[in-house]
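# Per-entry structural report
Chain by chain, the residues run as shown.
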Amino acid sequence: MAKTDHLKARKIAPARKTTEPRKRERKDSRPEEIVAAAFEEFVTHGYSGTRLEDVASRAKVSKGLPYLYFKTKEELFKAVIRSVISPVFDAMRARMLATDLSCEDFLKGPFLSFLQELVKSRRILIARLLIAEGPKHPELTAFYYDHVISKGKETLKTFIDRGIERGEFRETPLRDFPQLIIAPALMAVIWRTLFERHHHLDTDALIKTHIDLLLDAIRAPGRAKDTR
């Protein structure tokens, strides 16, 4: 009987080895799972209404585990910005700086699509959160400005300068106010939050119209208009 039990133990031993890599993989991915869960909690309940124990529940981890990786809710929110928000904007910034397209073609093509998709995505809800709660939590808006807004402003200025140097754009005050380029995205957030229930806003058409009008205002004299 003892010999039979020993043989059974030898047969099931390898199964233990196959589960260990899965456990390690699960452990390695936990910070990302916690951040993903935190994003959903923040956009659903706001910053003040989010509790780390609720994040843990959504991530299906123990209540204390988020504190192992993120000591405070502020640290967790910053991790959400770094993991969920910054990569999207960084990728677009890189495309703007490296594109071989004319500036007008880029604004009417990849950049237009980027803004149109952004305002429909759940990522834009972080902007809504900051509009609503930022005044009470200036440390959050400061972090978002440093890691997203300021970088975007500099990239847009560089992009406008390139258009001027290439003879595509004339010199205008737009370079001093690059926020105008992304203004319809913020308008879309405010409208959807406050007025969408009263009147539907076609954000795709809004953003396209804005880009077209902007280009009409800054296009260099004598340069042919793209009729797309």
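Here is a short report on the structure shown in this document.

Before going further, it helps to examine the overall build of the protein chain. Scanning the protein chain for helices and strands turns up 9 helices and 0 strands. In the protein chain, the order of α-helices and β-strands from amino to carboxyl end is α-α-α-α-α-α-α-α-α. A sequence separation of at least 24 residues applies to 71% of the contacts in the protein chain between residues at least 6 apart. Accessible area for the protein chain stands at about 13,600 Å²; split by element, carbon and sulfur atoms hold 57% of it.

Looking now at the pattern of salt bridges. Taken as a whole, this structure holds 14 salt bridges when the rule is applied. Taking the shortest distance from any N to any O, the salt bridge between Glu104 and Arg219 comes out at 3.0 Å. Taken together, the residues Glu104 in helix α5 (residues 103-120) and Arg219 in the segment after α9 (203-218) connect sequence positions 115 residues apart. Like Arg219, Glu104 is buried. Across the salt bridge formed by Asp216 and Arg219, the nearest N and O atoms sit 3.0 Å from each other.

Another point: the packing of α5 against α9. The interhelical angle for the contact between α5 and α9, taken along N-to-C directions, is 150°, at an axis separation of 10 Å. One finds that α5 runs roughly antiparallel with respect to α9. Both α5 and α9 take part in a crossing whose hand is right-handed. Seen from α5, the contacting residues are Glu104, Leu107, Lys108, Phe111, Leu112, Leu115, Gln116, Val119 and Lys120; seen from α9, they are Thr203, Asp204, Ile207, Lys208, Ile211, Asp212 and Leu215. Per-class residue counts for the contact of α5 with α9 are 8 nonpolar, 2 polar and 6 charged.

Here the focus is the packing of aromatic side chains. Scanning the entire structure with this criterion turns up 8 aromatic pairs. Here the aromatic rings of Phe42 and Tyr47 are separated by 5.7 Å at their centres, their planes lie at 15°, and the arrangement is stacked. Residue Phe42 shares its accessibility class with Tyr47, and that shared class is buried. Measuring from ring centre to ring centre gives 5.2 Å for Phe42 and Phe77, while their planes differ by 80°; the resulting arrangement is edge-to-face. In this pair, Phe42 sits in helix α1 (residues 2-45) while Phe77 sits in helix α4 (residues 73-98), placing the two residues 35 residues apart along the sequence. Judged on exposure class, the residue Phe42 and its partner Phe77 are both buried.

A few words on α5. A rise of 1.5 Å per residue sets the reference length of α5, with its 18 residues, at 26 Å; its end C-alpha atoms lie 24 Å apart and thus fit the reference within 8%. The largest bend in α5 comes to about 40°, at Phe111. Of all 18 residues making up α5, 14 are buried, and the element is well covered by its neighbours.

All right, on to unusual backbone geometry then. Not every positive phi belongs to a glycine, and Lys60 is a case in point at roughly 60°. Inspection of the secondary structure puts Lys60 in the loop between α2 (52-59) and α3 (65-69).

The next point concerns the side chain of Ser121. One can find Ser121 in the loop between α5 and α6 (124-133). With relative accessibility at 18%, the residue Ser121 sits in the buried group. Within the structure, Ser121 has its side chain in polar contact with the backbone oxygen of Leu118 (distance 2.8 Å).

Quick notes on the rules
- Residues numbered from 1 in each chain as written.
- Predicted model: local features only at pLDDT ≥ 70, side-chain atom pairs only at ≥ 80, totals over all residues.
- Heavy atoms only, no water.
- Helix = DSSP H or I, 4+ residues; strand = E, 2+ residues; numbered from the N terminus.
- Contact = heavy atoms within 4.5 Å.
- Areas by Shrake-Rupley, 256 points an atom, 1.4 Å probe, with all protein chains shown as cover.
- Salt bridge = Lys/Arg side-chain N within 4 Å of Asp/Glu carboxyl O.
- Buried < 20%, exposed > 50% of the residue type's maximum accessible area, 1.4 Å probe, protein only.
- Axes fitted to C-alpha atoms, helices over the stretch in contact; angles between N-to-C directions.
- Parallel < 35°, antiparallel > 145°, perpendicular 65-115°, else oblique.
- Left-handed = near helix turned anticlockwise from the far one by under 90°.
- Nonpolar A, V, L, I, M, F, W, Y, C, P; charged D, E, K, R; others polar.
- Phe/Tyr/Trp six-rings, centres within 6.5 Å; stacked < 30°, edge-to-face > 60°.
- Expected span 1.5 Å × (residues − 1).
- Bend = angle between axes of the 7 residues up to and from the residue.
- Polar contact = N/O pair within 3.5 Å; in protein donor to acceptor, adjacent residues only side chain to side chain.

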